[in-house]
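Geometric and topological summary
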Amino acid sequence: MNEQTLYIQLEENSRIHTSDIFLKDISTLWCKDKHLLQKCKCIKLGKVNTDKDYRGVYKAVDIVEKIQEEYPVLEIVVFGAEDIIVAYEKEKKENLGLEWVKAIGIFLIILLGAAFAIMTFNKDVNVSDVFKDLYFFVTGIQSNGFTIIEWMYSIGLSVGILVFYNHFSRKKVTSDPTPLEVEMRLYEQDINTAIIDTYNRNQESR
């Protein structure tokens, strides 16, 4: 293994909170020469010239060129995306009260929306009448709408949602990503693709 070889794993989407963009902020690096590795981590790739939140696109080729400007004899091996997004966000002070208000608001919206969806679904298929007929068939007693069947249905539905989303406690039922996490990753990938495509088209039109 060549001691002067630098291995770079580029992150497709990186977030920074300082205006200066360093190589260590957007990648994972490894080199046998630890002294050289620390120097490479501190290579400055650019600077964000705005006080507002900003997203920029960097090409792997440009990053390699920037490194070789400072270390011409260094061999560089790059893994990961060819185009990466660097998102600059100003560091904001956490407002715990506001975060709780947002969390409660989102909880109420999801709760009411889910309740409405379940009620409309049950109304369409007339589940209540099915429960009444089933209860009468088994016991011979007319159901008042609040029998063991309705209670077990309510409990089972709640448990089913908790197990399916697997997102309501630190200790998960399985190590698999939850459906919500999967959808958020797909959404993030779509955004990244759109940003990179827009950047490349703008570069070609110049």
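Numbering of residues starts from 1 in each chain and follows the order in which that chain's sequence is written. The predicted origin of the model limits local features to residues at a pLDDT of at least 70 and limits the giving and counting of side-chain atom pairs to 80 or more, whereas totals for whole chains, interfaces and linings rest on all residues. With hydrogens and water set aside, each side-chain value is computed from the structure's full complement of heavy atoms.

1. Some words on the overall build of the protein chain
- Helix numbers and strand numbers start at the N terminus; a helix is a DSSP run of H or I with at least 4 residues, a strand a run of E with at least 2. Assigned secondary structure in the protein chain consists of seven helices and eight strands.
- Sorting the 206 residues of the protein chain into buried and exposed places 23% on the buried side.
- A separation of at least 24 residues holds for 61% of the contacts in the protein chain among residues at least 6 apart in sequence.
- Carbon together with sulfur atoms contributes 60% to the accessible area of the protein chain, which is approximately 15,400 Å² in total. Using a 1.4 Å probe on the protein chains alone, a residue whose accessible area is under 20% of its type maximum counts as buried, one over 50% counts as exposed, and one in between counts as partly exposed. Here, residues are in contact when the closest pair of their heavy atoms is within 4.5 Å. All accessibility values rest on the Shrake-Rupley procedure with a 1.4 Å probe; residue burial counts only the protein chains present in the view.

2. As for the sheet that holds strand β8 (residues 83-88)
- Pairing within the open sheet is mixed, and its three strands lie in the order β2-β8-β6. Each of the sheet's edge strands pairs with one partner strand only, and the pair in question is β2 (13-16) and β6 (54-59). Each adjacent strand pair in this sheet contributes to an overall mean axis angle of 25°, direction not counted.
- The rule for pairing is simple: two strands pair if DSSP sees at least two bridges between them. Sheet topology note: the β2/β8 ladder contains four bridges and is parallel. The residue bridging I16 from the neighbouring strand is Y88, located in β8.
- A fitted line through C-alpha atoms represents every axis, and for helices the fit uses only the stretch in contact; the resulting angles, taken between N-to-C directions, go from 0 to 180 degrees. With respect to the sheet, helix α3 (residues 60-70) is in contact with β6 and β8, its orientation differing from that of β6 by roughly 75°.
- Where helix α7 (residues 179-205) meets the sheet, it contacts β2, β6 and β8, and its direction lies at approximately 70° from that of β6.

3. Here's the deal with the packing of aromatic side chains
- A pair of Phe, Tyr and Trp rings is counted when the ring centres sit within 6.5 Å of each other, with Trp represented by its six-membered ring. The angle between the planes then sorts it: under 30 degrees is stacked, over 60 is edge-to-face, the rest tilted. One pass over the full model with this rule turns up two aromatic pairs.
- Geometrically, the ring pair formed by Y7 and W30 is tilted, given 6.0 Å between the ring centres and 50° between the ring planes. Taken together, the residues span a long stretch of sequence, with Y7 in strand β1 (residues 5-10) and W30 in strand β4 (residues 27-31) at a distance of 23 residues.
- According to the relative accessible area criterion, W30 is partly exposed, its value standing at 38%.
- With a centroid separation of 6.4 Å and 15° between ring planes, the pair formed by Y7 and F79 is classed as stacked. Placement of the pair is Y7 in strand β1 and F79 in strand β7 (residues 75-80), with a sequence separation of 72 residues.

4. Focus: the nonpolar core
- Within the largest apolar cluster, 25 residues are counted, with the highest numbers of intra-cluster contacts made by L6, I26, I63 and I67.
- At the level of elements, β1, α1 (23-26), β4, α2 (34-41), α3 and β8 are the ones that each hand at least two residues to this core.
- Not counting chain neighbours up to four residues away, the residues in contact with I26 comprise Q9, L10, E11, S14, I21, L45, I63, I84 and V86. Buried residues of nine kinds, namely Ala, Val, Leu, Ile, Met, Phe, Trp, Tyr and Cys, make up a nonpolar core once their side-chain atoms join them within 4.5 Å.

5. Comments concerning a negative patch on the surface
- Patch membership requires more than 30% relative accessible area and the absence of a salt bridge. Residues of like charge join within 9 Å; the nonpolar side chains Val, Leu, Ile, Met, Phe, Trp and Tyr join within 5 Å. The term salt bridge refers to a pairing of a side-chain nitrogen on Lys or Arg with a carboxyl oxygen on Asp or Glu at a separation within 4 Å. Here the positive residues are Lys and Arg and the negative ones are Asp and Glu; neither His nor the chain ends is included. In plain terms, the charge of a residue is placed at NZ if it is Lys, CZ if Arg, CG if Asp and CD if Glu. Among the surface-exposed residues, D62, E65, E69 and E70 lie close enough to one another that they form a single negatively charged patch.
- By the secondary structure assignment, E69 is in helix α3.
- Residue E69 is classed as exposed on the basis of its relative accessible area of 54%.

6. Comments concerning the environment of Y153
- Residue placement: Y153 occurs in helix α6 (residues 148-165).
- The sequence separation of Y153 and F131 amounts to 22 residues, and the corresponding C-alpha distance is 9.7 Å.
- Those residues in contact with Y153 that lie beyond four places of it in its chain are N122 and F131.

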